[in-house]
Amino acid sequence: MLTLYRIIHKTGVPQLCGLTKQQIIEMGSEYFDKAIDLGEEALSRINREEGFSSSYLIFMQQLSNRYFNRGLFLLTVRDNHPKPDEAEQQGWLDLSTCKDMDREVVDNADHEGFKGERDIYFEVLLARIKGLLSLMKLDYTDQWGIEDLFQEAKEELANALRVPGHTLFTDLDLAGQMQRLDEVMIDFYLHCREADGEGPVVGARNPRKANRSMRSSMVVASRSRVEKAAMIGIRMLIEDDYVIADASLLALKALVESLHESGHHGGRCNDLAGLDPSDVQSTLFHYRQHIAEALSLSNPPGDLVSQETFRMSNMGDFSMEFF
């Protein structure tokens, strides 16, 4: 339902799969409510039958995901919801509940043997980060603390490295998993830069104009964030043998904008071995365009709806369940 809403909102089509935007909101809200009610009943039953067990923690994580999904949905559809204020309030409450449950699972999982050598928590962290970032792009406040999640994800990778044959590295090695994390970190810092620079103040649901002194400090913060994004991006481009295409696009974007910021604000590029910064920027832009064109060939052919369906279905912020 969240994907359907996003596609309609992005493309402007009146309906999708026979559903209008309002029908999607109504049906989606009902589905999420039912999923959470059933999850609460299942968790209570397991607690009665087994107590605080590994199965209890597994179901708690599933239920936490359901709260996160509903919160993400309600905050995303808020402006078109028949009761927008109630939707926003419930959305934040769901995210708060999810955060508490995630922490309880983590604090008790090692003792109960739930986490073990599995890759569950890293994937949960990535989903949370992507979801929170999508809300920030809707001008919501980061009430969770997304940078804390970055640190937790790094620690999870470090812990997984200590376990021979860890399943986290079955499909992607350390470099690949690190690139997945680097990609969302770059996206975060570039988004903050854009929000601080010309757009609304970060986290303000209702955009407001900043005074001159605030704008001045925001320019400094903007440059700092672009530099962070560029430093993250250049690591994968130099150190890794292979780079995930989407991650490389953001990495190159960060480097291009870093060079632009440095030149625009009178900075000096001392690490270019005597090369003209404008030439380096042009070359990086060319690389990025080349990769983007190659990626476009893998996208499904057809109209805008087909392309957005592919993109929205692969955002990775909505937690699916497998039994």
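Model, not experiment: these values are computed from the prediction.

Describing helix α2 (residues 21-50)
Part 1: If you check α2, its first and last C-alpha atoms are 43 Å apart, about what 30 residues at 1.5 Å a residue would give, namely 44 Å.
Part 2: All of the buried residues in α2 are Lys21, Ile24, Ile25, Gly28, Ser29, Phe32, Ile36, Gly39, Ala42, Leu43 and Ile46.
Part 3: Positive phi appears at Gly51, one or two residues downstream of α2, with a value of about 75°.

What to know about the side chain of Glu308
Part 1: Residue placement: Glu308 occurs in helix α11 (residues 304-312).
Part 2: In contact with Glu308, not counting residues within four places along its chain, are Ile7, Lys10 and Thr11.

A look at the environment of Leu38
Part 1: With respect to the element layout, Leu38 can be found in helix α2.
Part 2: Sequence-wise, Leu38 and Leu63 are 25 residues apart; in three dimensions their C-alpha atoms are separated by 9.1 Å.

What about the packing of helix α1 (residues 2-11) against helix α3 (residues 54-77)?
Part 1: Taken N-terminus to C-terminus, the directions of α1 and α3 make an angle of 20°; their axes are 10 Å apart at the nearest point. Classified by the angle between their axes, α1 and α3 sit roughly parallel to one another. For the pair α1 and α3, the sense of crossing is left-handed. Counted together, Leu2, Tyr5 and Arg6 of α1 and Leu72, Phe73, Thr76 and Val77 of α3 form the full contact between these two elements.
Part 2: In the contact of α1 with α3, the residues fall into five nonpolar, one polar and one charged.

Observations regarding unusual backbone geometry
Part 1: The residue Cys17 is not glycine, and still its phi comes out positive at about 55°.
Part 2: Not every positive phi belongs to a glycine, and Asp139 is a case in point at roughly 75°.
Part 3: Residue placement: Asp139 occurs in the loop between α5 (120-136) and α6 (146-161).

Cut-offs and rules
- Residues numbered from 1 in each chain as written.
- Predicted model: local features only at pLDDT ≥ 70, side-chain atom pairs only at ≥ 80, totals over all residues.
- Heavy atoms only, no water.
- Helix = DSSP H or I, 4+ residues; strand = E, 2+ residues; numbered from the N terminus.
- Expected span 1.5 Å × (residues − 1).
- Buried < 20%, exposed > 50% of the residue type's maximum accessible area, 1.4 Å probe, protein only.
- Contact = heavy atoms within 4.5 Å.
- Axes fitted to C-alpha atoms, helices over the stretch in contact; angles between N-to-C directions.
- Parallel < 35°, antiparallel > 145°, perpendicular 65-115°, else oblique.
- Left-handed = near helix turned anticlockwise from the far one by under 90°.
- Nonpolar A, V, L, I, M, F, W, Y, C, P; charged D, E, K, R; others polar.

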